[in-house]
Amino acid sequence: FLGRAVLAMLVVDEPLHTLEGHTEQVFTVAISITGQRIISGAGDNTCRIWEASTGSLLHTLKTPKWVMSVAITPDESKVFSGCADAAIYVWDASTGELLHTVKEHTSAVLSIAVSLDGTRVVTGSADK
């Protein structure tokens, strides 16, 4: 199933939506704390922001390399994508605008987590 993410409720046997649009493997997904936004990242060098209730695509965020990890702040204002180029991209979740690029790693960024108050971001990578 290349290029798909599936949203399912834990108490339902059937998927609610199939989020189609990625053209390569989906490596990572995250859901906002409110459940209103889904973020997906894939080998097609894109990070996508979806409306969870409808499955509608809101933004396609283009990156130079594969998107290996994603996260969204609790207030849903920012999206983070960790990529195979060792960079972390910070996006405005409402406009899709790139706000910052952070290069603190020397290898692919494989995981991202955001604190509940939205003030801290932790990343993991394949750095040696």
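Residues numbered from 1 in each chain as written. Predicted model: local features only at pLDDT ≥ 70, side-chain atom pairs only at ≥ 80, totals over all residues. Heavy atoms only, no water.

**Some details on the pattern of salt bridges**
Counted by the stated rule, this structure contains 2 salt bridges. Arg 37 serves as the salt-bridge partner of Glu 51, at 2.3 Å between the closest nitrogen and oxygen. Of this pair, Glu 51 sits in strand 5 (residues 46-51) while Arg 37 is found in strand 4 (residues 37-42), placing the two residues 14 residues apart along the sequence. The partner of Asp 44 in a salt bridge is Arg 48, with the nearest N and O atoms 3.6 Å apart. Using a relative accessible area of 15% as the deciding quantity, one classes Asp 44 as buried. (Salt bridge = Lys/Arg side-chain N within 4 Å of Asp/Glu carboxyl O. Helix = DSSP H or I, 4+ residues; strand = E, 2+ residues; numbered from the N terminus. Buried < 20%, exposed > 50% of the residue type's maximum accessible area, 1.4 Å probe, protein only.)

**Concerning the packing of aromatic side chains**
As enumerated under the stated definition, the model contains 2 aromatic pairs in all. Note on Phe 27 and Trp 66: the rings are 5.0 Å apart at their centroids and 35° apart in plane angle, and the pair reads as tilted. Residue Phe 27 is found in strand 3 (residues 26-31), and its partner Trp 66 is found in the loop between strand 6 (56-62) and strand 7 (67-72); the two are separated by 39 residues along the sequence. On the basis of relative accessible area, Phe 27 is assigned to the partly exposed category, the value being 32%. For the pair Tyr 89 and Trp 91, a centre-to-centre distance of 6.3 Å together with 35° between the ring planes defines the contact as tilted. Each member of the pair Tyr 89 and Trp 91 is classed as buried. (Phe/Tyr/Trp six-rings, centres within 6.5 Å; stacked < 30°, edge-to-face > 60°.)

**Some remarks on the sheet that holds strand 3**
Strand order in the open sheet formed by 4 strands is 3-4-5-6, with antiparallel pairing between adjacent strands. Each end of this open sheet is capped by a strand with a single partner; those strands are strand 3 and strand 6. Averaged over all adjacent pairs, the angle separating strand axes in this sheet is 20°, with direction ignored. (Pairing = 2+ DSSP bridges. Axes fitted to C-alpha atoms, helices over the stretch in contact; angles between N-to-C directions.)

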